[in-house]
Amino acid sequence: MSKYTDPPQAPPLFTGTKESIVADAKALCDTTRSLLDKLVAEIKPAENPKAATFDAVMHPQTEDENTSSLSARILGFYQYVSADVELRDASTEAEKIMDEFGIECGMREDVFRLVDAVYKNSGLAASQEADKGRLIDEALAQAAGLENAESARLLEKERKNYIRNGLGLPEGPQRDRFKEIKMRLSQIQIAFQKNLNEENGGIWFTEKELAGVPLDVLDNMERGKHEGQEKIRLTFKYTDLFPTLKFAKNPATRKKVFIENENKCNDNVPLFKEAILLRDEAARLLGYPDHASFRIEDKMAKTPKTVWDFLGDLKTRLAPGGVKEIKHLLELKRKYYEARKMRFDGNYYLWDHRFYDRMMVEQEYSIDENAVAEYFPLQTTVEAMFKIFEKLFGLVFVPLDDADRKRLSPTGKAEDISWHPDVTIFSVWNDESEGDGFVGYLYLDLHPRTGKYGHAANFNLQPGFLKADGTRHYPATSLVCNFSKPSKTKPSLLKHDEVVTLFHELGHGIHDLTGRTRYARFHGTSTVRDFVEAPSQMLENWCWTPSQIKQLSSHWETKEQIPDLLIEKLVATKHVNDALFNLRQLHFGLFDMTVHSPKTHEELEKLDVSELYNDLRAKIAGLKGPEAEGGSNTWGNGQATFGHLIGGYDAGYYGYLSSEVYSADMFGTVFKADPMNGKEGRRYRHTVLEKGGSQDEMLTLEQFLGRKPSSEAFYKELGLDG
Ligand SMILES: [Zn+2]
């Protein structure tokens, strides 16, 4: 192992203070602003058209962007992970400053004129005019007189961004209004996310009301006297929420939890409405029929019609499956109620689903998810996942202990290269077959704490790129998750769905680590939204392949691998209630498309978003809410916690489903027969992962598959073929 001890690049520092975080953000913006001012002052295409070349105009900007990305992402990262509320606030403020500056830059007409002149001087303008649908590849870049396809893509995207930012609009009230909207949307995004991060509500229950919830879950909840009674406080964090919805026997408890969870961030309700109205107004200003058309234009799907057709087809194919699954679950519920002499009203409610879905798996597949979890202690599961990536992609993961951290830290202090003592750090390398070089840094921050981001996600901390001297800057990436903490008596044990989540997020991390692009902006997972999930979704298949499940497992006490019989049972559950699962995704996707493509702006103004959210869910997924008991359909505001739609997945949630199509195609075509085929793994790494967003993702996919993608593998996987 000794050859993997001295990375050629020090890890980044996390020594920001509340003052420095804000000051650094301002300084980054100032540097960029002076650069742009200088370019505009020195290069005058009106006087000397030949002066506007890629080297003169674009190159200094990409250099600046590469350099600033080294600190910009970290400045914005503290808000999700710092234990110090002042740092979180400073980070939010820093992100706001940088976002607003980004908007300011994107609206600079003087810079746009330079970029547009470069575009027109290159052959790109003419060749794109001649063939509008043609994707940029090396041949086209060469013919256009540009150094490589990645530079051509950068130029084309940069110019298009200015136009999408309103610079195609005449100067004056329209353009000013457009700018105002962009600014306000950025504020909304920050406020919305802050409300989600800082959500700290909960419900006090008696022990009796929580009957059925596993003891180790209850052990981690706060206890205290509430209204004169000994009670337990349930929070809305996943580690409390999901086990309670799955195991609490009392339907009134589950109903209360479900409904209050859908009302936990009601401050976001008006923000959501304002956001969709502003987006609609902005899209119409630019001449698009709606926000969805604007957003999908530069995705793989290209037009909303492609998306509506895809979602519509899926809905038709899934609907009968959903009806069948509910009928079965309802029968289970009826028996459960009869055995307990409870009054059965014939409805299958939203707060029933996790409970009966879990019970069905236990009864009919005789699988106990807690028994499975015994085989997946967090620590050893992570190590086993690394082994898979080592074999498949030729990577080596080296944990950094305290002495290593001290040695590698630019300040000489071990704690300075991390944001919290819970974080583990790895230096990642290529193995011998891949040339032994350094790959990057990986950080794992896996347990919940106050003020921390509440879901599971991968954050890029520093992208990779080619430096001016031709050497490479290597990436740093982090997983931020919320797996339960070890208890006094047991390590943190992962349920199988958490194993899948971890592997999925680690998949994003690997995508991020193995990125090898010229420019920071195309690095790693910086792909279009309707592709970005595909690599991670493809990796989920490993967690459903018996040989791989075995590899990943090690009983926390006996160290034994999971028995074949248990694996068999587990794999048999893969598609249990799968139609309902996908119909839920479809609900999210169709809700997203519906609020982002109203026929008129007035229609959107009149829209009751909560009503639409609940109605669409009832219609698509078929699960009943309080309205089936005579309540109104405005009982909950699911959109208020739908962070995706404010955080960048607007008119893009369908991407989770269309990525499934691509991932099923890649897995079925290349890996299904032998998931540990290292040759194919490396080909995948170098053909797909490495490319990031540096070329059109459709081109990447076609290069890997050797043909155009097809939906067949996806429908086959769901049992919906033929
Ligand atoms: Zn993901």
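Being a predicted model, the structure only gives us computed values, none of them experimental.

1. A word on the overall build of the chain
Move 1: Each helix and strand counted, the chain has 31 helices and ten strands in total.
Move 2: Relative to a compact globule of 722 residues, whose C-alpha radius of gyration would be 27 Å, the chain shows 26 Å and is just as compact.
Move 3: Along the first, second and third principal axes, the C-alpha atoms of the chain reach 90 × 65 × 60 Å.
Move 4: Here the chain, with 722 residues, has 44% of them falling under the buried criterion.
Move 5: Across the chain, the fraction of contacts at a sequence separation of at least 24, relative to all contacts at a separation of at least 6, is 75%.

2. Topic: the domain arrangement of the chain
Move 1: Structurally, the chain comprises domain 1 (18–168), domain 2 (201–261) and domain 3 (373–577 + 656–717).
Move 2: Put simply, the middle of domain 1 and the middle of domain 2, counted by C-alpha atoms, are 49 Å apart.

3. Considering the packing of helix 10 (residues 238–247) against helix 15 (residues 353–364)
Move 1: With their axes 6 Å apart at the nearest point, helix 10 and helix 15 run at an angle of 65 degrees to one another. The orientation of helix 10 relative to helix 15 falls into the category roughly perpendicular. For helix 10 against helix 15, the interelement crossing comes out right-handed. Across the interface between the two elements, Phe-242, Leu-245 and Lys-246 from helix 10 touch Arg-354, Phe-355 and Arg-358 from helix 15.
Move 2: A breakdown of the residues in the contact of helix 10 with helix 15 according to their chemical character gives three nonpolar, no polar and three charged.

4. A word on the sheet that holds strand 10 (residues 476–480)
Move 1: Ordered in space as 4-5-6-10-7, the five strands form an open sheet in which the pairing is mixed. At either margin of the open sheet sits one strand with a lone partner, and together these are strand 4 (395–399) and strand 7 (457–462). Each strand axis lies, on average, 25 degrees off the axis of its neighbour in the sheet, ignoring direction.
Move 2: Direction of pairing for strand 4 relative to strand 5 (residues 424–430): antiparallel, over a ladder of five bridges. Looking across to strand 5, one finds that Pro-399 is bridged to Phe-426.
Move 3: The sheet strands contacting helix 2 (residues 54–81) are strand 6 (438–445), strand 7 and strand 10, and the helix crosses strand 7 at an angle near 145 degrees.

The rules we used
Residues numbered from 1 in each chain as written. Predicted model: local features only at pLDDT ≥ 70, side-chain atom pairs only at ≥ 80, totals over all residues. Helix = DSSP H or I, 4+ residues; strand = E, 2+ residues; numbered from the N terminus. Rg over C-alpha atoms; globule rule 2.2 N^0.38 Å. Buried ≥ 20, exposed ≤ 12 C-beta atoms within 10 Å, placed from the backbone. Contact = placed C-beta atoms within 7 Å. Domains from an automatic or database assignment. Axes fitted to C-alpha atoms, helices over the stretch in contact; angles between N-to-C directions. Parallel < 35°, antiparallel > 145°, perpendicular 65-115°, else oblique. Left-handed = near helix turned anticlockwise from the far one by under 90°. Nonpolar A, V, L, I, M, F, W, Y, C, P; charged D, E, K, R; others polar. Pairing = 2+ DSSP bridges.

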